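# Descriptive analysis of the structure
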Amino acid sequence: MPGVTPSPPRLRPELIDIRQRLADAHAAVREQHDRGLAGSQVCGRISAAADAAVQRLFESALADLPGGRGERLRSRCVLVAHGGYGRRQMAPRSDVDLMILHDPAARADAETLARRLTQDIFDAGLQLGQSLRTVGEAVTLAKADPVICTSLIESRPVAGGQELYEDYAEAFLKAVQKRPRAASAAFIEARRAEREKYGETVYLLEPNIKRSRGGLRDLHLLRWLWFVHAGVSDLDRLRRKGVLSRFDHRRLTSSREFLLRVRNDTHFHAGECHDTLHRGEQVRLAEKLGYRGGDGIRPVEQFMRDYFRHAGHVWFLAARVSELSSPPRAVTTVLGAVLGRSIEKDYRLDGREITATPIGRGKLTRRLDEALRLVDLARLSDRRISQDTWYLVYRSAPNYSAAPAPAVSERFLDILQNPAQLGGLLRRLHDLGVLEKVIPEFTHARCLLQFNQYHKFTVDEHCIRAVEEATRFADRDDLLGQVYGGLRGKRQLHLALLMHDLGKGHEQDHSVLGEAIARSNGRRLGLAEPEVRQLEFLIRRHLWMSHLAFRRDMGDAELVADFAQQVGSLETLQMLFVLTCADLAAVGPGVLNAWKVSVLSDLYAKAAEALGPDARLQVRDRRNAVRTAVWSLLPARQRDDTQTKLLFHELPESFVTSRPPGEVLDAVQRLLALRGGAADAWGAWRPESGTLELIAGVSDGIGRGIFSSMAGALSAAGLQIVAAETTALPGDRLMLRYVAADPSAAGQAGHGPSAGEGKQAPEADPQRVAELCLTMLAAIDDPAPPRFPRVWGADQRAAEDALTSTPSEVRIDAGLSDQWLIVEVFANDRRGLLYELARTLHELRLVIRFAKI
């Protein structure tokens, strides 16, 4: 029965009848919703059904009070709907928020009424949020608690004494409007805290319809702020009073209807209060609401683009009214008048804001370059743009010329060269509708969903975040920070980042289309042809470096040399390195982790060295340098040993050149000692990448499926394997290496390769490392398959993975290596996947030389 809880036994006939009427009303409203009834009308009819039930129960409760007490209480008590029920916007599974307001002298009878109503409303099948207060208590609580205050703003009488309600409404309005600045600040702060919890960006890919930024709660915030300053909160009345422009009224009502319809449908479908748009809900709603897709955009992506646009409209106005409702303190106003200054008669700076003068306003209505100048001045002066100036640009932006004049190009490129607060500046330009006038493809990318399990933000937000993340690299004390800080052509890098994914949302490969977008915009902005070609390369190949680093063996000197040769110059390599890292960081929190930075930095260093003298790095034979160091540590009797020389020669490049000579020597001696089927395992914590490295050597190990067995055992022990390698060595020895995160080790939640950058991961527990080594050894020739622990939420994740419609894929390439067959497998990750793949290859009698995840 939609919207109504199951009937408890032995209810009196009146309650059974009310329950049935509510169920019938909900069924009728759901049918009307499915036929397309507007969201506000659906909510209004659900609220009306609740009103009818509450009014009937109120009358019944009064009639059962003995001795005429009920009739006397009728004028001394009033039922006040508030919150969503008060504004007649009840969703199908919303609570009935009800305040029983009473005369102080009628307290005892009001308490009797409250007990009766609480039980009856619950028995009628409604979820009740109830309070019992006098007018004075309600006003006092509203002054002390902004949450209570905002709920009571949306008040209306349902039954009882109208005169008592009017006394309350007058006292409440007077109390709120007596301290408008404090009340507004409290509402804004409470809403800010809620947004931080549920999503402080409009473009979160699984938003909460009610509480994320731009959701219904921001519409409520607007109503609360307007109530404080205008005494009313209804959008139509605000429009008639002139508080709300026709343009804003149309946008807000359209967004309200969209959000309410979506929320109503999620409640009807779930049969419970369900406000988060999970991926499955997005797919279902796109189909339910008739989205058809097209031009490379799936129906679900079209639906979510509409969602983000509506949420963006709500957030834009909520932010604007919030700032208008929070005027500067008197001391700031006085200081602004004294210390403020003008900029070429176009703008006025005070303590907090930059405001256009009449001359400046005239320029802003016509000139795109002036809008860029304004936003850059706000950045350079560290001031926000005053709301009236902001709104002027917002309304003028659609009329700016789409063909950038030289002044526009020059100013935009100058803006990109300065990394200070650049991400915020670009986001501001995008919010104003200015950025798409400079780079037209941002119109298509606006609010464009990336429906996969990887990206967390829309295409436009991801591109701006990529620039923002790159500018943060200046604070890093590592190779990545040094490379970014040393780049002279930062505008070129920032422009590439800003455009790198703008080819998405079309049938064509986004990197190929992105190359054309780079060429078009590079020429529109007046870049020299060498700069245009470099921009094309960076965008066309923006995924290349990560593909090599995370899918190929970087110990292959020929692969690295070919990569460096195609990149062509150190400057381009530097930009590609930073672009790759920033792209990963902008995907979502923790995606760019210490391990990935370490791997990408290694590839960058090797490629820079391969570029020769232009790289300003000494060209040296790193392997020979390590061999010399290792041989100096060897006992004299081993220095001329043939077996030692052969074994060292066959060790993987990535192993020999990435660790101190002492560790290499230890590995050589351990491996030389293995004979007759013996095995050894050891490990170490790598703080620079936040990972465990576990190494095993096995004599007579080739062809026994040891690689898959050990991978399965480590996964079963809770490790997350991020890279693995196996190498056949002289004397029929097998060397195996696994790089893994260990979330369960010694309270290391939040550490390891999934941790955010800048956190120092602690040393791994030596006992844990020793246990894992024993686990590896025990897995050798163990016929029993590993038992993987069940992960909470794994079933839900697997179901959501399936929604992306990305099929598993196997690619085989025999041309990339003279010695080895390259097998690439693309599949959604799950615990034990490496084990299954390796075991399958073993059963096909294939020998794994190297593996990367």
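Values in this document were obtained by computation on a predicted structure and should not be read as measured data.

The rules behind the values
- Residues numbered from 1 in each chain as written.
- Predicted model: local features only at pLDDT ≥ 70, side-chain atom pairs only at ≥ 80, totals over all residues.
- Heavy atoms only, no water.
- Helix = DSSP H or I, 4+ residues; strand = E, 2+ residues; numbered from the N terminus.
- Expected span 1.5 Å × (residues − 1).
- Buried < 20%, exposed > 50% of the residue type's maximum accessible area, 1.4 Å probe, protein only.
- Arc of directions from axis to C-beta.
- Contact = heavy atoms within 4.5 Å.
- Core = buried A, V, L, I, M, F, W, Y, C linked by side-chain atoms within 4.5 Å.
- Axes fitted to C-alpha atoms, helices over the stretch in contact; angles between N-to-C directions.
- Parallel < 35°, antiparallel > 145°, perpendicular 65-115°, else oblique.
- Nonpolar A, V, L, I, M, F, W, Y, C, P; charged D, E, K, R; others polar.
- Salt bridge = Lys/Arg side-chain N within 4 Å of Asp/Glu carboxyl O.
- Pairing = 2+ DSSP bridges.
- pLDDT = per-residue confidence, 0-100.
- Polar contact = N/O pair within 3.5 Å; in protein donor to acceptor, adjacent residues only side chain to side chain.
- Phe/Tyr/Trp six-rings, centres within 6.5 Å; stacked < 30°, edge-to-face > 60°.
- Lys NZ or Arg CZ within 6 Å of the ring centre and 35° of its normal.

## Considering helix α19 (residues 406-417)
Under the 1.5 Å per step criterion, the end-to-end length of α19 is 17 Å for twelve residues, consistent within 8% with the ideal 16 Å. Among the residues making up α19, those that are buried are Val408, Ser409, Phe412, Leu413, Ile415 and Leu416. Down the axis of α19, the sector holding all buried residues measures 155°, keeping them to one side. Facing away from the buried side of α19 by more than 90 degrees, the exposed set consists of Pro406 and Glu410. Residues of α19 that are buried sit in contact with α17 (368-380), α20 (422-432), α21 (435-438), α25 (490-499) and α26 (510-524).

## What to know about the nonpolar core
If you look at the biggest cluster of nonpolar residues, it comprises 106 residues, and the most contacted ones within it are Phe412, Leu426, Val434, Leu495 and Phe563. Take this core: its biggest share by element is eleven residues, from helix α30 (residues 570-585). In this structure Val434 touches Leu368, Ala371, Leu372, Val393, Ala397, Tyr400 and Leu429, once residues within four positions along its chain are discounted. Counting residues in each nonpolar core, the second largest holds 60 residues, with Leu152, Ala230, Val232 and Leu277 among its members.

## What about the packing of helix α12 (residues 246-270) against helix α18 (residues 387-396)?
Put simply, α12 and α18 touch, their axes get as near as 13 Å, and they point 75° apart. Between α12 and α18, the angle falls in the class roughly perpendicular. Taken together, the residues of α18 that come into contact with α12 (itself represented by Phe247, Asp248 and Arg251) are Tyr391, Tyr394 and Arg395. Looking at the contact of α12 with α18 residue by residue, the classes come out as three nonpolar, no polar and three charged.

## With respect to the pattern of salt bridges
Tallied over the entire structure, the rule returns 63 salt bridges. When the shortest N-O distance is used, the salt bridge between Glu725 and Arg737 registers 2.2 Å. Note that Glu725 is positioned in strand β11 (residues 720-729) and Arg737 in strand β12 (residues 733-741), a separation of twelve residues in sequence. Accessibility classification places Glu725 together with Arg737 in one group, the buried group. Across the pair Arg811 and Glu809 runs a salt bridge whose closest N-O atoms are separated by 2.9 Å.

## Looking at the pairing of β12
The buried fraction of β12 amounts to nine of the nine residues, a majority that puts the element mostly inside the structure. Across the two faces of β12 the burial is the same, with Arg733, Met735, Arg737, Val739 and Ala741 and Leu734, Leu736, Tyr738 and Ala740 all buried. Summarising the sheet, strand β10 (residues 691-699) and β12 pair through eight bridges and their orientation is antiparallel. By the bridge assignment, Ala696 is partnered in β12 with Leu736. Pairing of β11 with β12 involves nine bridges; the strand directions are antiparallel. Note that in β12 the partner of Ala723 across the bridge is Val739. Between the end of β11 and the start of β12, which pair antiparallel, lie three residues, with Gly731 showing a positive phi angle near 80°.

## As for the confidence of the model for the chain
Summarising the model, the chain shows a mean pLDDT of 86, and 90% of its residues fall at 70 or more. Within the chain, no element has a lower average pLDDT than helix α15 (residues 330-339), which sits at 38, and none a higher one than α25, at 97. Note that pLDDT drops below 50 for residues 614-620; the model gives that stretch twelve contacts with residues more than four away or on any other chain. Across residues 746-762 the pLDDT falls below 50, and counting only partners more than four positions away or on other chains, this stretch makes 37 contacts in the model.

## Considerations on the side chain of Asn208
Within the fold, Asn208 resides in the loop between α9 (180-198) and α10 (216-230). Judged by its relative accessible area of 7%, Asn208 is buried. There is a polar contact of 3.0 Å between the side chain of Asn208 and the backbone nitrogen of Lys210. Those residues in contact with Asn208, other than ones at most four positions away along the chain, are Tyr198, Asp275, Thr276 and Tyr307.

## Focus: the packing of aromatic side chains
Counting across every chain of the model gives 17 aromatic pairs. When the centroid spacing of 6.3 Å and the interplanar angle of 70° are considered together, the rings of Phe187 and Trp224 count as edge-to-face. Taken as a pair, Phe187 in helix α9 and Trp224 in helix α10 lie far apart in primary sequence, 37 residues in all. Of the residues examined, Phe187 reaches a relative accessible area of 2% and is grouped as buried. By relative accessible area, Trp224 is classed as buried at 6%. A network of ring pairs unites the aromatic residues Tyr165, Tyr168, Phe172 and Phe227 as a single cluster. The ring centre of Tyr85 lies 5.0 Å from the NZ or CZ of Arg156, which sits over that ring. Between the NZ or CZ atom of Arg627 and the centre of the ring of Trp631, over which it lies, the distance is 4.1 Å.

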